[in-house]
Amino acid sequence: MTDIDRLTAGLDLKQKVRLISGGGTFRTSPEPDLGLGPLVTSDGPVGVRGERWDEADTALLLPSATALAASWDEELVTELGALLAAEATRKGVHLLLAPTLNLHRSPLGGRHFECFSEDPLLTGRIGAAYVRGVQSGGVAATAKHYVANDSETERLTLDAVVDERTLREVYLAPFEAVVGAGVWAVMSAYNRVNGESMSESPLLTEPLKGEWGFDGLVVSDWGAVRSTEGPGGSGMDLAMPGPNEHWGERLVAAVESGLVPEELIDDKVRRYLRLAHRVGAFDPSPAPTATPTDPATRGLLRRAARAGAVLLRNEGGLLPLDPARLRRIAVLGPNAATARAQGGGSAGVFPVATVSPLAGLRAALPPEVELSHLPGVRTGTRPTPLESAHCRNPRTGEPGLLVRYLDASGRELHLEHRLSGRVLEPSVTTDLTEARTVEISTVFRPPVDGRWRLGVIGLGRILLRADGRTLVDEYVVPESDDPTYLHVSPSYRQVELELAAGREVTLLARRTVEAEHGRALSLAADPPGGPELAAAVELARAADAVVVVVGTTDEYESEGFDRPDLRLPGEQDALVAAVAAANPATVVVVNSGGPVLMPWREQVPAVLLSWFPGQEGGDALAELLLGLAEPGGRLPTTWPDREADVPVLDTRPVDGVLAYREGLDVGHRGWLRTGAEPAYWFGHGLGYSSWAYLGLELPQQVVPGAEFTARVTVRNTGPRRSREVVQLYLARPGSALDRPVRWLAGFAAVTAEPGERVEVTVLVAARAVQHWSVDERAWATEPGAFTALVGPSAGELPLSGELFVG
C-alpha cells in the first residue's frame, strides 16, 4: 500500500467528499487530519493573478498565448513557464489554470488570444513546452478546456458534434501531447460533445485516464458540475468552485445509496492527494513577496514580445527605421498611448506598469527626434473606469477611490482604498457574506471642459450620483448567466454631464449584491471627444515617418462572447487609409489577439503584428521598429483577406448544436481545401534578412510507427544575422482515405550569419503519417508514398520530395 493509499483509507466518506468538492472561489478545503492545507488555484495563462481581483496585488504580464505560439520557440516558452511557476510560488498558488489548448477553429472566436494556434501539432508542442516550464517549479499546469471548447457563443451549454476521427486527430491531439509531457491537471469544458456534458463525459476516462495513462487530477471549469450522479460516477475528480450544491452532502448521499461507487470516490481522492504531494500542499506556503521588476525579468518579457511579433509586410525595406535619418515621427492610433497588453475576461492580471508603444519609442529614440501623437479615432463604447489620476479618496484625500461594503441596514462591513474605479471583488478574503451593497466614491477633478460621459457598470439595483444629484437609479437585469459577464464585464449605464476643468465633483456609484449576480462594480468617466482624424492626418503629413497602432478592444475580443465580424472597431481602417495617402513612410502595428481584416494592407509598406504583447510590449516594439532586434514571429493562424473567404467562420450553434462539418480541414487545411487565397498563410513571417531553400534529404523508407528526420539545407542570403523557422508538411496523393490537402508534420528553427549555409534537422513524429481508424478504434498507417513539402509557410513550399511508408 502506497502512502497515498494509506492516507485515503484513513479518511471517512464525508472527509473524502469534502476534499473534492471545492472550498472557496479559488481554493479547495483543507484536511487537518492529514496536515493538508487547501490547494490554491489561479487563472492564467499570461500571468498569475492569485485569488484576489485587486490592482494592488500586481503580477508579471506575459505576451498573449497567440504571441507565444507565434514564436515557434519551445525553449523560450519553457523558460516563460518557469517564470510563471516562480510567480505562482510567491503568491502561494499551487495550481495554474493554464494552458488553454483549444484551437482557432474560426477566427471569430472571442477567446483566441488565450489559445495558441489553429494547428494541433503546433498547439501540442508549444503547450507541452509551457507545461514543462510551469511544472519545473513545482506548480501544477492545468490543460484546458477538455475538449472542443473552441468558441464562446453558448459555451456553457452548446453541443459540439465532432466525428470520432476528427476528435482524435485534431481536437484531442494537443491534450494527448501535454499528457505525454506529464501534465498534472486537466480542466473539463463547459460544453457538451456529441450529446455528453464534458463534466461527466466518457472522454474523461477514455482516452484520458486509460489509453493515455493520465495519473493527474481532472478539475471542472468553474460552475460546470451541475448534477451529482453523472459527474460523481465519471472521471471528474474535483468540482470547483466550492461549496458546490451538487456535490458535498448530495454526493455523500449518492454514495451511501449506491448510486455512485465509493471506489470511484477513492480514485478521485488518490488523484487529489497525488497532486497535493506534487505541489507541496502538505508543506507551509512561503510568505508572499513583491512582483519582480529586475532587469533580467523584464528583459525576458521583452524578448518574448519580440520573439512573437510577426512582420507581415515590409515592401521597400522601410523597416527597420533609421533614427539618424528621422527628425519627426508621428505615432498615431487609439492603441498608441494606451496599448492593449492583454485580452479580456477571467485571465486578466494587474501588472506593476505597462509600456505603451509611444512610451517605448520615446525612451529608445534620441531626444532630438520629435514625437507627436493623436489617437485619430475612438474605438470603444463601454465606459472607461476611473484611475487614480485626477481622483482623490473622499475620506483620506489620497489619490484614488473609496470602496465600501455595506450590510442590509447600511452598516459599513469593510472599506478599502483602491487605485481604480473597477472593483470585481474585495481585496481581502474576509467573509463578506452579509454584504448587500457595494459602493465606490471619489472626488474627481476633470482635466478638460465639456460634456463628460459618466458611467456605472454593474447588475442589480444601481445608482450613480454627482455631487449628490442622482443621475442613474434603476434595476439592471442580467442579460446572461455566463460567469465572465456576471463577474467581470456586466452591463453598464451612462449619462452625459457638463463638467468644468479643475472644478471638483464628488462621484458615487452603488449596486446591490445578489449571490447569483456577482458583485462587480465600476465607476467610469470618459472625456468629451471631438474630430481628430483630420488632425492626425496633418501630423502624418508633416512627419518623416508614421507609426499607426491599431487594434481591438475588450468589447470586440474577450472571453464570454465571439466577435461579430473581423473588422477593426471604429474608424481605424479609415484612419490608416488616410494616413497612408498622406505619408508613404507609414508602418502599421496591429495590436490584436487574433486575425483582423486589413483592407489597406497593400497601401502601406510595412505591417507588424504585435498581438497583445504583455507589460514590456512598448519597449520591445521600439527595438523592432528601430532594428535593434529582428521580429521573430511566424503566424500560428491563417489571416484572411476577406471574411467571405474564411472556410470555417460561424460560431453560432443552431438549436444548441455546433456541427464541426469541416472535419479535419480546420485552419490552413480548410484554406487549401477551398482553394481561396488568404492575406497571409499559417507560418508566414518576415525578418530583416532573406533565406534561400537549397535542398531536402529524406529517408527512402519509413517504418510504420517510427519517427523519422528530414534534413533541409538553407542559406541566409540577407545582410544581417537572422532566424528562420523551417516548416515541413506532408501530403498523401491518391490516398484511399479522406485527408487534408497537406498538414504540418514538423518544424525547426535555425539562426545563421549573413551568407552562411546551414543544415536543419526536422524531426517528424510517427503520428504524422498515422490516422485514427474508426473501425479498429486504434491508430493505423496507410502504406504508400507520401510527399514532403518544405518552406517558410503553408503557402510557400519551394522544396519537395517523396518518402515511402510501409
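Described below are features of the structure shown in this document. In this text the structure is predicted, and so the values were computed from the model without any measurement. Sequence order as written defines residue numbering, which begins from 1 separately in each chain. It should be noted that, the model being predicted, local features are given only for residues of pLDDT at least 70 and side-chain atom pairs only at 80 or more, the latter also being counted only at that level, while totals for whole chains, interfaces and linings use all residues. Water and hydrogen atoms play no part in the side-chain values, which are based on all heavy atoms of the structure.

**A few points about the packing of aromatic side chains**
1) Next: Note on aromatic pairs: the rings of Phe, Tyr and Trp (six-membered ring only in Trp) are paired at centre separations within 6.5 Å, and the planes decide the class, stacked below 30 degrees, edge-to-face beyond 60, tilted for the rest. Going through the model one piece at a time under the given rule, you end up with eleven aromatic pairs.
2) Next: Taking 5.4 Å as the distance between ring centres and 50° as the angle between the ring planes, the aromatic pair formed by Trp72 and Phe682 counts as tilted. Taken together, the residues span a long stretch of sequence, with Trp72 in the loop between helix 3 (65–70) and helix 4 (74–90) and Phe682 in the loop between helix 18 (668–674) and strand 27 (691–697) at a distance of 610 residues. Phe682 shares its class with Trp72; the two are buried.
3) Next: Ring geometry for Trp72 versus Phe747: centroids 4.9 Å apart, planes at 75°, classification edge-to-face. Residue Trp72 is found in the loop between helix 3 and helix 4, and its partner Phe747 is found in strand 31 (residues 743–752); the two are separated by 675 residues along the sequence.
4) Next: Aromatic rings pair up to connect Trp72, Phe682 and Phe747 into one cluster.
5) Next: Placement of a charge over a ring requires the Lys NZ or Arg CZ to be within 6 Å of the ring centre, with the centre-to-atom vector within 35 degrees of the ring normal. In this structure, Arg105 packs its charged tip against the face of Tyr660, placed 4.0 Å from the ring centre.
6) Next: Across the ring face of Trp772, the terminal group of Arg168 is positioned such that the distance to the ring centre comes to 3.9 Å. Each helix is a run of H or I in the DSSP string that is no shorter than four residues. Each strand is a run of E no shorter than two, and both are numbered from the N terminus. Burial classification: accessible surface area is computed with a 1.4 Å probe over protein chains only, and a residue below 20% of its type maximum counts as buried, one above 50% as exposed, and the rest as partly exposed.

**Quick look at the pairing of strand 30 (residues 722–731)**
1) Next: Within strand 30, ten of the ten residues are buried, which leaves the element mostly enclosed by the surrounding structure.
2) Next: Note on pairing: two strands pair once DSSP finds at least 2 bridges between them. Here nine bridges tie strand 30 to strand 31, and the two strands are oriented antiparallel to one another. The partner of Leu728 across the bridge, within strand 31, is Gly746.
3) Next: For strand 30 and strand 35 (residues 784–791), the ladder comprises five bridges, and the chain directions are antiparallel. Each residue of the ladder has a partner; that of Tyr729, found in strand 35, is Leu789.

**Side note on the packing of helix 4 against helix 5 (residues 120–135)**
1) Next: All axes here are fitted lines through C-alpha atoms, helices being fitted over the stretch that makes contact, and every angle between N-to-C directions spans 0 to 180 degrees. One can describe the packing of helix 4 onto helix 5 by two numbers: an axis separation of 6 Å at closest approach and a directional angle of 35°. The element helix 4 and its partner helix 5 pack so that their crossing is right-handed. Together, Glu74, Val77, Thr78, Gly81, Ala82, Leu84 and Ala85 of helix 4 and Arg125, Ile126, Ala129, Tyr130, Arg132, Gly133 and Val134 of helix 5 make up the contact between the two elements. Note: crossing handedness is left-handed where the near helix turns anticlockwise from the far helix by less than a right angle, and right-handed where it turns clockwise. Contact between two residues is taken to exist if any of their heavy atoms lie within 4.5 Å; hydrogens are not considered.

**Digging into the nonpolar core**
Nonpolar side chains in soluble globular proteins tend to end up buried together.
1) Next: Grouping buried Ala, Val, Leu, Ile, Met, Phe, Trp, Tyr and Cys residues that are joined through side-chain atoms within 4.5 Å yields what is termed a nonpolar core. Judged by nonpolar contacts, the single largest core of 130 residues is most densely connected at Tyr130, Tyr146, Val147, Tyr171, Val183, Ile265 and Tyr272.
2) Next: Examining the composition of this core, we find that seven residues originate from one element, helix 4, more than from any other.
3) Next: Apart from the residues within four sequence positions on either side, Ile265 is in contact with Leu13, Lys16, Val17, Ile20, Leu251, Val255 and Val260.
4) Next: Judged by nonpolar contacts, the second largest core, of 33 residues, contains Val310, Ala536, Val546 and Ala582.

**Comments concerning the pattern of salt bridges**
1) Next: When a carboxyl oxygen of Asp or Glu is within 4 Å of a side-chain nitrogen of Lys or Arg, the pair counts as a salt bridge. All told, the structure shown has 61 salt bridges when counted by the stated rule.
2) Next: Of the charged contacts in the structure, one is a salt bridge between Asp482 and Arg155, with a shortest N-O distance of 2.6 Å. Of this pair, Asp482 sits in the loop between strand 19 (469–476) and helix 14 (483–487) while Arg155 sits in the loop between strand 3 (140–146) and strand 4 (159–161); the two residues are 327 residues apart in sequence, bridging distant segments of the chain. Across the pair, exposure class does not vary: Asp482 and Arg155 are buried alike.
3) Next: The residue Arg451 makes a salt bridge to Glu498 at a minimum N-O spacing of 3.9 Å. Of this pair, Arg451 sits in strand 17 (residues 450–457) while Glu498 sits in strand 20 (residues 492–499), placing them 47 residues apart in sequence.
4) Next: We classify Glu498 as partly exposed; its relative accessible area is 49%.
5) Next: If you follow the salt bridges from partner to partner, you end up with Arg52, Asp54, Glu55, Asp57, Lys91, Glu416 and Arg418 in one network.

**Quick notes on the packing of helix 13 (residues 357–364) against helix 17 (residues 617–625)**
1) Next: The N-to-C vectors of helix 13 and helix 17 enclose an angle of 55°; their axes lie 7 Å apart at closest approach. As summarised for this structure, helix 13 and helix 17 are arranged oblique, according to the angle between their axes. As helix 13 packs across helix 17, the resulting crossing turns out to be right-handed. Together, Pro357, Gly360, Leu361 and Ala364 of helix 13 and Gly618, Asp619, Leu621, Ala622 and Leu625 of helix 17 make up the contact between the two elements.
2) Next: Residues belonging to the contact of helix 13 with helix 17 are distributed by class as follows: six nonpolar, two polar and one charged. For this classification, under 35 degrees means roughly parallel, over 145 means roughly antiparallel, 65 to 115 means roughly perpendicular, and everything else is oblique. All residues other than Ala, Val, Leu, Ile, Met, Phe, Trp, Tyr, Cys, Pro, Asp, Glu, Lys and Arg, Gly among them, are scored as polar; the first ten of these are nonpolar and the last four charged.

**What about the environment of Phe282?**
1) Next: Within the secondary structure layout, Phe282 lies in the loop between helix 11 (262–278) and helix 12 (295–308).
2) Next: When neighbours within four sequence positions are excluded, Phe282 is seen to be in contact with Leu7, Leu34, Gly35, Leu36, Leu273, Ala276 and His277.

**As for helix 7 (residues 173–180)**
1) Next: For helix 7, the set of buried residues is Pro174, Phe175, Glu176, Val178 and Val179.
2) Next: Considering only its buried residues, helix 7 is in contact with helix 5, strand 3, helix 6 (164–171), helix 8 (205–209) and strand 34 (778–781).
3) Next: A positive backbone phi angle near 95° is found at Gly182, which sits one or two residues after helix 7.

**Some remarks on helix 6**
1) Next: The element helix 6 is extensively covered by neighbouring structure, given that seven of its eight residues are classed as buried.
2) Next: Listing the buried residues of helix 6 in full gives Arg165, Thr166, Leu167, Arg168, Glu169, Val170 and Tyr171.
3) Next: Polar contacts, as counted here, are pairs of nitrogen or oxygen atoms within 3.5 Å of one another; within protein the pair requires one atom able to donate a hydrogen and one able to accept it, and residues that are adjacent in sequence qualify only if both atoms are side-chain atoms. The distance from a side-chain oxygen at the start of helix 6 to the backbone nitrogen of Arg165 is 3.2 Å, and the residue carrying that oxygen is Asp163.

**Some remarks on the pairing of strand 32 (residues 757–764)**
1) Next: Alternating residues of strand 32 divide into Val758, Val760, Val762 and Val764, all buried, and Arg757, Glu759, Thr761 and Leu763, none buried.
2) Next: Pairing analysis gives eight bridges linking strand 29 (residues 708–716) to strand 32, with the strands arranged antiparallel. By the bridge assignment for strand 32, Arg715 is matched with Arg757.

**Digging into the sheet that holds strand 27**
1) Next: Pairing within the open sheet is antiparallel, and its three strands lie in the order 27-29-32. Pairing within the sheet leaves two strands with one partner each, and these edge strands are strand 27 and strand 32. When the angles between neighbouring strand axes are averaged without regard to direction, this sheet yields 30°.

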